[in-house]
Amino acid sequence: VQNISQSMEVLDLRTFRDLQYVRNTESLLRGLDSRLKVAETQRSLNARSFQELQEKMQELVPLVPVLEQFREDTSRRDESHQGWTQGPPGMGMKIRKVVSLIPTFSPGCGKLTGVSHPITIRASGSRFGSWMTDTMTPSADSRVWYMDGYYKGRRVLEFRTLNDFVSGQNFVQHLLPHPWAGTGHVVFNGSLYYNKYQSNVAVKYHFRSRSVLVQRSLAGAGFNNTFPYSWGGFSDIDFMVDESGLWVVYTTNQNAGNIVVSRVDPQTLEVLRSWDTGYPKRSAGESFMICGTLYVTNSHLAGAKIYFAYYTNTSSYEYTDIPFHNQYSHISMLDYNPRERVLYTWNNGHQVIYNVTLFHVI
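All values reported here derive from a predicted model rather than from experimental measurement.

Rules used throughout
Residues numbered from 1 in each chain as written. Predicted model: local features only at pLDDT ≥ 70, side-chain atom pairs only at ≥ 80, totals over all residues. Heavy atoms only, no water. Pairing = 2+ DSSP bridges. Helix = DSSP H or I, 4+ residues; strand = E, 2+ residues; numbered from the N terminus. Axes fitted to C-alpha atoms, helices over the stretch in contact; angles between N-to-C directions. Core = buried A, V, L, I, M, F, W, Y, C linked by side-chain atoms within 4.5 Å. Buried < 20%, exposed > 50% of the residue type's maximum accessible area, 1.4 Å probe, protein only. Contact = heavy atoms within 4.5 Å. 1 Å grid on protein atoms, 1.4 Å probe; cavity = no way out; pocket = protein on both sides within 12 Å on 5 of 7 lines; lining within 4 Å. Points joined across faces, edges and corners; volume = space filled by probe spheres on them. Nonpolar A, V, L, I, M, F, W, Y, C, P; charged D, E, K, R; others polar. Salt bridge = Lys/Arg side-chain N within 4 Å of Asp/Glu carboxyl O. Disulfide = S-S within 2.5 Å.

Q: I keep staring at the sheet that holds strand 10 (residues 211-217) and nothing clicks. Help me out?
A: Either a parallel or an antiparallel arrangement is found when strands of a sheet pair, and the pairing is made through backbone hydrogen bonds. Pairing is antiparallel across the open sheet formed by 4 strands, whose spatial order is 7-8-9-10. This sheet does not close on itself; its edge strands, each paired only once, are strand 7 (180-188) and strand 10. Across the sheet, the axes of successive neighbouring strands diverge by a mean angle of 20°, strand direction being ignored. Relative to strand 8 (residues 191-196), strand 7 runs antiparallel, the two sharing 5 bridges. Bridge pairing links tryptophan 180 to lysine 196 in strand 8.

Q: Looking at this structure, how should I read the nonpolar core?
A: Generally speaking, nonpolar side chains in soluble globular proteins are found buried as a group. Of all hydrophobic cores here, the largest spans 21 residues; its most connected members are Leu112, Val115, Phe288, Ile290, Ile306, Phe324 and Leu343. For this core, the secondary-structure elements that each account for two or more residues are strand 1 (111-115), strand 15 (287-290), strand 17 (305-311), strand 19 (331-337) and strand 21 (350-359). Sorting elements by how many residues they give to this core places strand 21 first, with 4 residues. Those residues in contact with leucine 112 that lie beyond four places of it in its chain are Phe288, Ile290, Tyr295, Ile306, Ile322, Val356, Thr357 and Leu358.

Q: Please clarify how the environment of valine 214 should be interpreted in this entry.
A: Its location among the elements puts valine 214 in strand 10. Separated by 10 residues in the primary sequence, valine 214 and lysine 204 place their C-alpha atoms 5.4 Å from one another. Dropping the residues within four chain positions of it, valine 214 is found in contact with Ala202, Val203, Lys204, Gln267, Thr268 and Leu269.

Q: Where do I start with empty space enclosed by the protein in this structure?
A: Empty space among the atoms becomes visible once a probe the size of a water molecule is rolled across them. Per the counting criterion, the structure on display carries 1 cavity of 30 Å³ or more. As a volume, the largest cavity reaches approximately 60 Å³. Here the lining of the largest cavity is composed, by residue class, of 6 nonpolar, 3 polar and 1 charged.

Q: What is the right way to look at the pattern of salt bridges in this model?
A: Note that side chains of opposite charge can pair when their charged atoms are close. Tallying each qualifying case throughout the model produces 6 salt bridges. Across the pair arginine 160 and aspartate 164 runs a salt bridge whose closest N-O atoms are separated by 3.0 Å. Among the residues examined, aspartate 164 registers a relative accessible area of 7% and is labelled buried. The residue arginine 339 makes a salt bridge to glutamate 340 at a minimum N-O spacing of 3.5 Å. Across the pair, exposure class does not vary: arginine 339 and glutamate 340 are buried alike. One continuous salt-bridge network, built from bridges that share partners, spans Asp141, Arg143 and Glu158.

Q: How should the side chain of serine 130 be read in this particular structure?
A: Topologically, serine 130 is positioned in strand 3 (residues 129-133). In this structure serine 130 touches Trp145, Tyr146, Met147, Thr183, His185, Met333 and Trp346, once residues within four positions along its chain are discounted.

Q: Would you explain the state of the cysteines in this entry?
A: Cysteine pairs can be covalently joined through their sulfur atoms, and such a bond is termed a disulfide. As enumerated under the stated definition, the model contains 1 disulfide in all. Here cysteine 109 is linked by a disulfide to cysteine 291, with a sulfur-sulfur distance of 2.4 Å. Between cysteine 109 and cysteine 291 the sulfur-sulfur dihedral comes to about -100°; the bridge is accordingly left-handed. Residue cysteine 109 is found in the loop between helix 4 (91-101) and strand 1, and its partner cysteine 291 is found in the loop between strand 15 and strand 16 (293-297); the two are separated by 182 residues along the sequence. For cysteine 109, a relative accessible area of 45% puts it in the partly exposed group. Accessibility expressed as a relative area gives 19% for cysteine 291, which makes it buried.

Q: Any chance you could explain the pairing of strand 8 here in plain terms?
A: The side chains of a regular strand alternate between both faces of the sheet. Taken across its 6 residues, strand 8 has 5 buried, putting it largely inside the fold. In this structure, the hairpin formed by strand 7 and strand 8 is closed by a connection of 2 residues, where asparagine 189 is found at a positive phi of approximately 55°. One ladder, built from 5 bridges, connects strand 8 with strand 9 (residues 201-206); its direction is antiparallel. In the strand pairing of strand 9, leucine 192 is matched with tyrosine 205. Hairpin connection of strand 8 to strand 9: 4 residues between the antiparallel strands, including glutamine 198 at a positive phi of 60°.

This is the structure:
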């Protein structure tokens, strides 16, 4: 029952997200339709107008997989709800039918090939901050955590659901025993992992017990804007989670300021293995992990793109050219959630998400 509830929560989040995207795209569709009607009436379309229409059509390409996913999710939700509302006769078969759908919600791994247009969930807080849901797959948690600001902060707001977060209602407050630095926090299996202010200490704070379970120094890791991302903000140490577990991105003097990515034991915060990517951290806007690969943006400002990928499974890298629409022109947090297969972003006082497209090699 818990697994079914958890899967329905993921479906609800994905459907809400995709509906927002469809709504945001509606005005673009109407504009494109109007342009085409004018061109048809006048029977004239010069080269510049044709190029503009082509560019607008390209902006609509990401809508296709969103609509397909939306249709599938809606179909699954209808089937799932039917399974619970038709009463006791054949209930065992109905439950098995719903349970059989659950594995399809677990995303497979692949190479990042595209990022959708941004979907704005809420506009709140200061220019810098972070927000997130639990990244564990699977997780029964639908809570949303919100941390405004990039240094000295101790106040974490916990919202019961995404809808509560959107409306700004039904939240509780956690006061962390140690203030945070940066915005590279992550929630994994009910605990918050963050960088303790004015130190290279990693902290694991458990929400339900409201206590620090463990803290450990990251040997040699820079802090206090020694090796931040290009936007600064004490962003020296960045935690992230992908399909394979917990990671931390930072750099050291020994690595000459290049990004180091380390696998971390979520229980002890011990570094299990590290890779030197060779990419200068101060030249990176932000970064995130998907399927063991670190993706790096070349800026935190407008015009940013996903420019670099480091593959930990082969200890190799390549330069990429994946468009990344930075709608509000200043990103101060960017994290992948493997449970929902989306990027969470804090963009100039806006809480934004992006769908991602992964290429699967079978």
